[in-house]
Structure formats: structure tokens, C-alpha cells
Amino acid sequence: MTGQPPLTGIKVLEFAGLAPGPFAGLLLADAGATVVRIDRPASQSDAASPAVDLLTRRKRSIAVNLKDPAGVALIRALAAQADVLIDPYRPGVLEKLRLGPADLCPLSGGRLVYARLTGFRRDGRFAAMAGHDINYLAVSGVLALLGRRGQPPTPPANLLGDFAGGGAVLVQGILMALLARERTGRGQVVEANMVDGVSYLASFARFARGMPIWDRGRGENLVDSGCPWYDAYETKDGRWMAVGALEPHFFAELVKGLGLEGQGWEGQGWEGARRYDRRQWPELRRVLEGVFKTKTRGEWERVFEGTDACCSPIYEYTEMERDARMEGDQRPVVTLRETPCLAVRENAADASHGQGKGVEGGGYVGYVLEPGHGGEEMLKEWLGWSKGDQFDVRNGGFVLKDKAKL
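Residues numbered from 1 in each chain as written. Predicted model: local features only at pLDDT ≥ 70, side-chain atom pairs only at ≥ 80, totals over all residues. Heavy atoms only, no water.

Per an unreviewed UniProt entry, the protein goes by CoA-transferase family III and derives from Parathielavia hyrcaniae. According to UniProt, the comment filed for the protein under the heading Sequence similarities (unreviewed entry) is "Belongs to the CoA-transferase III family." (UniProt positions renumbered as here; feature names shortened; annotations may be inferred.)

> Tell me what's going on with the environment of Y136, and back it up with residues and numbers.
Looking at the secondary structure, you find Y136 in helix α5 (residues 133–140). Here the alpha-carbon distance between Y136 and T56, two residues 80 residues apart in the chain, equals 25 Å. Residues contacting Y136, with those up to four places away along its chain left out, are G119, F120, G131, M194, V195 and V198. (Helix = DSSP H or I, 4+ residues; strand = E, 2+ residues; numbered from the N terminus. Contact = heavy atoms within 4.5 Å.)

> I'd like a description of the environment of G354, backed by residues and values.
With respect to the helices, strands and loops of the structure, G354 is situated in the loop between α12 (317–320) and α13 (375–383). Residue classification places G354 among the buried residues on the basis of a relative accessible area of 6%. Considered as a pair, G354 and D30 are 324 residues apart in the sequence and their alpha carbons are 9.2 Å apart. Leave out the neighbours within four places in its chain, and G354 touches P332, P340, C341, L342, A343 and A348. (Buried < 20%, exposed > 50% of the residue type's maximum accessible area, 1.4 Å probe, protein only.)

> How would you summarise unusual backbone geometry if you had to cite specific residues and measurements?
Despite not being glycine, A157 has its phi angle at roughly 55 degrees, a positive value. Within the fold, A157 resides in the loop between α5 and α6 (159–184).

See below:
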């Protein structure tokens, strides 16, 4: 029998931000937590407001004027009931508002997990500086690894810093703290930053610098586009195939599928094949480029499907959304067989797809969460409060009606 999602009953306050903080909240919400975003009132919104935040699945919002003492009092009341608080701001911002860890953690009897995410290290030389994903990758050493030979370092959009090294790492810290709380009865402050997050993700790359797999410059190594049998190739119809045939038996399957047998590329062992001679790599690349352009992506897909050639089509989201065969249906980040996370795709069938009815758009459409949307219902559920009694709305912001109750 399927049990409730793993984070059922966990209450999360997410201060509004962009990218990594909202992504952390999204991961928690999909696992069953109740996530409430704390927004500015609509009248205070600006170009950097959560109006562009589309990571809002299953969240609700309360709008609070943080310059209004009654608004701050409301947040303090919520923090006393919350399990997790997500702080996406630069160091010191919430302390100035009397909403830092020293202010809020005691209100819950010490059970609050106060999760903080910054870009740069809080104690480093860049701590007081503004930055974005590309800057955090840059100072972590990771950006220098990314890109082709002779080309500038190439940022992978903002996926690696904001989401992998930022939001996802923060959630890992939150889950560790919640697990520790089960043992100690106390929450704690969790501090994550994207510099350390992406640096940790790059552990293998650092270790491999002294090995043949990664001992050369950017774009000259085995898995960074330097090697011709680990790269992307254009097809006859202008689409692309991904090749990752590292091991000899996989490469032999690739050569067979491409019709290149008998040319010496697939010999066994480091001494038995031309492909291990780096001087031959430009020629092999030209051969692969030419062969892949003789067929369409669909034709190559049929050639390699079901084989061990490590050759796969490169799909785009626009086509994956339309074609179920491309495995583009969005699922929870992990499968928990006994207590699945909540479904993303509508009409999910089993634990691997999650539980529940899913969401409109099936993970391909994000929706704006307007400041204050669902806030009154949340206050009723969390605290049993109703508008006009314990709280009110003033100039678009929620406020505690009777501050003395705190």
C-alpha cells in the first residue's frame, strides 16, 4: 500500500528569490512539504521580483511588507510553527530585519532548520560582492574546465551553479538537518553556497587532473569534447547524435553501426587500435562527422536503438513534449517505492511517476504565483487564523493584527 509522500507534514517558509532558492522549495514541495513563499506586496514589486519565478509548483504565497513591524511580527509567528526556512539573500539582509537565525530559531523551541544559500562563500573574499551563476563557476575553478579547445570557457546556462550546486545541494543539507533533528530534537542553521556546491560536484575532475583522462587543457580530454568518440555529431537533417563509446566493446558496436569495420579503428587494447593515438583523432573526427551526415537522426536512431554502442539521439524539449517515445514525461527526481513523491505528469500510473493527479502542464509549463495567492488558506491551516481576527491585509501586505500575542 502506498504511503504518504516523504515530507508530508513538513512546513517550509521560502523567502522569495530567483532560481536556486525557489528550486529548493520546489524539490521540497514535490516531496510533500507545505511550502509558502514570502513575497513583497505587489505594489513593491520590481524587475527582480518573483513575477519571473516559474518554480512555483504546489506553493502558496503570503505578501509581507518587511518594513512594517506588524508584517515582521507575522513572519515571526509563522517561523514559530515552521520546520524549515529558506533564506536566499546575501549575508546580513535578514539579520537587519530581526529575522536572522538568532531571532527566529528560539521561537520554535530550537526545532527550526534555518537554511541559507549564497552564491559566494559567506566567509570568503567575494562574500560582499554581487554575482551570478557564471561568477560562482568562475571562482570555483569549474568554469575553466568547460568548453572546446581554443574557445573561451562556456557556461552551461545556469544549470550547474544555480540548480545543481545551489538549490539541490541546499536541499541535501536541509534533509541532513531534519534527519539530525530526529535524533537530537533540535534544528540548526544550514549554510550552502554555490562555489562550494559546484566545487564538490567537480571532485572527480580535480582528482583526474593527473591522469590521462583529464590531464590536458580545456577541450582536449576524454570526456570534455576533446575525444572524437565522446562528442556530438550533426546528422543529415541538421539534428544531432551523442556518442559516448568509451570502452572498447562499446566502440566496436559504434564502428559496426556506422559501417566502419575493417579500418583499424576498433582494435583491442591500447596498442591495437588507431583510435588511441591522439595524432589520429582529427582524422577519426572527420570520418565520424562525414558518416553521421549520411543519414537523418531518425535513421541513426533506428540503427543504434537496442545496441551497446552508446550512441543516442539528442532530443529537444519541444519534440519531447509531443512524443511519449522520447521519455520526456516529467517524473519526481527519485522514485521511492513505498512513499512516492507527488506526481508531476497528469494521470501518473505508478511509484516511478509519483502519486497524485499531477499538475497542469505536466512539468513543461511554469506558472506565476501572484504575491498573496493562497496565503489566507495557509494561515488557516497552519495556525487556525482568519482574516480580521488574528491577521489583516494592509496595503497588500499581510500583518499580525495583535502584536502583543507574540
